[in-house]
Amino acid sequence: MPSAPAGSLLASAGGPFWGACDPWPVLVKLASFPDGRFAGSDGLSGAREYVTESLREAGLRDIGGFRFPYIGWTRGPAAIRWRREDGHLQDEHVIGLPGTPPCEALEAPVRFLGNGTEEVFAAAGKDLRGKWCWVTSEPNRKGRDLHRNEKYCRAVALGAAGFVYERHLPGDLEETGSVGWKRGGAVGAIPAVAITFERGGRIRRAGGLSHPLTMTMRCGNPPQTGEIVHGSFGPSGKNVPLILVGGHLDGHDLAEAAVDNGTGIACVVTLARWLAASGLGLTHEVRFVAWDCEELGLLGSRAYAEAHEADLDRIAVVLNLDVPVGEGAPALVAQGHPELLESLAPLVAATGDVDTSDRITCASDHLPFSLRGVPTLCIENHTSDLRLGRGYTHTRADTLDQARPRALRNAAAFAASVLGWFATRPRVGVRFPPEKVKALFAAGGHEAALRAQGEWPW
Ligand SMILES: [Zn+2]
């Protein structure tokens, strides 16, 4: 959204000029907590206190924390030992992937599956049994692109001994990300590590994959308690429609988790401040939420949706802010609910250069709600360059350096205009019955992926 200044967008939502509601200092603060605000870490506890206090200071009510138990994950050292063609054994740095069990000097042959498409896994079949399944993060441009966790789950189902995830982009960065999580955070079945593009390439060029690899990966899987911070604004009562505005507060432990998802939470906090100061006449209750354990497999939003079943009919829309920034156009992804985009059409036309789609996506906190038929809308920013994959997120380069104040302010202003639009009009979103949801997910091509990950609920 490079063309439209923040003020004009907020004017279209009926609110005040941006003024004191600047998301940048919020992001700077969020990026200052240690451990990347990883689930269960001291950094996340500190960030949670900061967000709670910010919502309180903004004037929200019913500030609280929804708690849930889960199996956590703590990082230890990891390395692969491989054999060069001259017989020399060499140790290579790797990192453990959250959600997996530790292993000690586990030796097995390797099967390299490239970027791990559905077809490649099917062709490998039983040959994967007892081997390291080695795949890359390279996106599949010729067909369905498998999420990291689907690749892991397919390797588990085919009897692999372990999983190696090689980043497809240069920069000597390992790409972390959880695998193997089930509801409640059950530990994955086999150990998994990530390796950089350069190290993976070096091992392959030296013929290292034609000999057994030995892996040692240390980690902990302690029981923990997650907490989702929330606070409300606007009218209340069981007949008042509800808008949930959320992003995940937890990040990955390699860096500051500034982009993923400091940017989303900076917007959530800013929207709370803006809405509370706006003086807008609201037709909806607006509940601001900071999800926990998204990076461990949406554990927080899953637990929250399950515990709030009685409230789900009241939700007019869940607005999800998971990395809403970027260099491209702002994007609205309406998750099978075109009525949301029809309502927003005048706003989109006034804003200009907005990507809209009602396609269904799965890998963020809106999923537990959309699987239950609740209208959800992801506010994103699309780059057209697929080669970039997830960029620097999930790596040790996800620091404040990758964020841009103007992009963040534009993202917050755009999200404010969307929130203001829905919150001041009659209810738009309606909950779909299970048969309709099942048909939408099937038509969207998600059945194979959700089944492979044990998440197909029907
Ligand atoms: Zn994220």
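Residues numbered from 1 in each chain as written. Predicted model: local features only at pLDDT ≥ 70, side-chain atom pairs only at ≥ 80, totals over all residues.

Description of the overall build of the protein chain
Turning to step 1, where the next piece is worked out: Helices and strands together make up the secondary structure of the protein chain, namely 13 helices and 17 strands.
Turning to step 2, where the next piece is worked out: What you see for the protein chain is a C-alpha radius of gyration of 22 Å, in line with the 23 Å of a compact globule of 458 residues.
Turning to step 3, where the next piece is worked out: Overall, the C-alpha framework of the protein chain stretches about 75 × 45 × 40 Å when taken along its three principal axes.
Turning to step 4, where the next piece is worked out: Counting across all 458 residues of the protein chain, residues that qualify as buried make up 53%.
Turning to step 5, where the next piece is worked out: Here the analysis covers contacts within the protein chain between residues at least 6 apart in sequence; of these, 82% occur between residues at least 24 apart. (Helix = DSSP H or I, 4+ residues; strand = E, 2+ residues; numbered from the N terminus. Rg over C-alpha atoms; globule rule 2.2 N^0.38 Å. Buried ≥ 20, exposed ≤ 12 C-beta atoms within 10 Å, placed from the backbone. Contact = placed C-beta atoms within 7 Å.)

What to know about the sheet that holds strand β7 (residues 132–136)
Whenever strands of a sheet pair, they do so through backbone hydrogen bonds, lying parallel or antiparallel.
Turning to step 1, where the next piece is worked out: On the basis of which strands lie adjacent, the open sheet formed by 5 strands has the order β4-β9-β8-β7-β6 and mixed pairing. Edge strands, defined here as strands with exactly one partner in the open sheet, are β4 (95–96) and β6 (110–112).
Turning to step 2, where the next piece is worked out: Sitting on the sheet, helix α5 (residues 148–157) touches β7, β8 (162–166) and β9 (192–195), and the angle it makes with β8 is about 150 degrees. (Pairing = 2+ DSSP bridges. Axes fitted to C-alpha atoms, helices over the stretch in contact; angles between N-to-C directions.)

What about the sheet that holds strand β5 (residues 103–108)?
Turning to step 1, where the next piece is worked out: As summarised here, the arrangement of the 4 strands in space is β3-β2-β10-β5, forming an open sheet in which the pairing is antiparallel. A single partner strand is all that each edge strand has here, and the edge strands are β3 (89–93) and β5. Neighbour to neighbour, the strand axes of the sheet diverge by 20 degrees on average, direction disregarded.
Turning to step 2, where the next piece is worked out: Alignment of β5 against strand β10 (residues 213–220), held across 4 bridges, turns out to be antiparallel. Pairing of C103 across the sheet is with M217, part of β10.

Points about the domain arrangement of the protein chain
Turning to step 1, where the next piece is worked out: Per the domain assignment, the segments making up the protein chain are domain 1 (6–72 + 223–449) and domain 2 (74–221).
Turning to step 2, where the next piece is worked out: Contact with domain 1, which involves 21 residues of that partner, is made by 28 residues of domain 2.
Turning to step 3, where the next piece is worked out: Elements with a contribution of two residues or more to the side of domain 1 that touches domain 2: β1 (61–71), α8 (299–307) and α13 (447–452).
Turning to step 4, where the next piece is worked out: For the side of domain 1 that touches domain 2, the per-class residue count stands at 10 nonpolar, 7 polar and 4 charged. (Domains from an automatic or database assignment. Nonpolar A, V, L, I, M, F, W, Y, C, P; charged D, E, K, R; others polar.)

Considerations on the packing of helix α2 (residues 23–30) against helix α7 (residues 258–278)
Packed helix pairs are characterised by how far apart their axes lie and by the angle those axes make with each other.
Turning to step 1, where the next piece is worked out: Running from N to C, α2 and α7 cross one another at 135 degrees; their axes reach a closest spacing of 8 Å. Relative to α7, the element α2 is oriented oblique. The hand of the α2/α7 crossing is right-handed. Each of P23, V26, L27 and L30 in α2 lies in contact with α7, whose residues at this interface are A258, G262, T263, I265, A266, C267, V269 and T270.
Turning to step 2, where the next piece is worked out: Among the residues forming the contact of α2 with α7, the class breakdown is 9 nonpolar, 3 polar and no charged. (Parallel < 35°, antiparallel > 145°, perpendicular 65-115°, else oblique. Left-handed = near helix turned anticlockwise from the far one by under 90°.)

Quick look at unusual backbone geometry
With the exception of glycine, most residues fall at negative phi, and the peptide bonds are largely trans.
Turning to step 1, where the next piece is worked out: For the bond running from D260 to N261, omega is 10 degrees, close enough to zero to count as cis.
Turning to step 2, where the next piece is worked out: Note that N261 resides in helix α7.
Turning to step 3, where the next piece is worked out: For D353, which is not glycine, the phi torsion reads 55 degrees and is therefore positive.
Turning to step 4, where the next piece is worked out: Of note, D353 is situated in the loop between α9 (338–351) and β16 (355–357).

Section: the packing of α9 against helix α11 (residues 405–423)
Turning to step 1, where the next piece is worked out: Contact geometry for α9 and α11: axes closest at 10 Å, N-to-C directions at 155 degrees. As summarised for this structure, α9 and α11 are arranged roughly antiparallel, according to the angle between their axes. In the crossing of α9 with α11, the sense of the turn from one axis to the other is right-handed. Here α9 contributes L344, L347 and T351 to the contact with α11, which in turn contributes F414, S417, V418 and W421.

Considering the confidence of the model for the protein chain
Turning to step 1, where the next piece is worked out: When the pLDDT values of the protein chain are averaged, the result is 93; 94% of them are 70 or greater.
Turning to step 2, where the next piece is worked out: Throughout residues 1–17 the model reports pLDDT below 50, and contacts reaching past four residues in sequence, or to other chains, amount to 45 contacts. (pLDDT = per-residue confidence, 0-100.)

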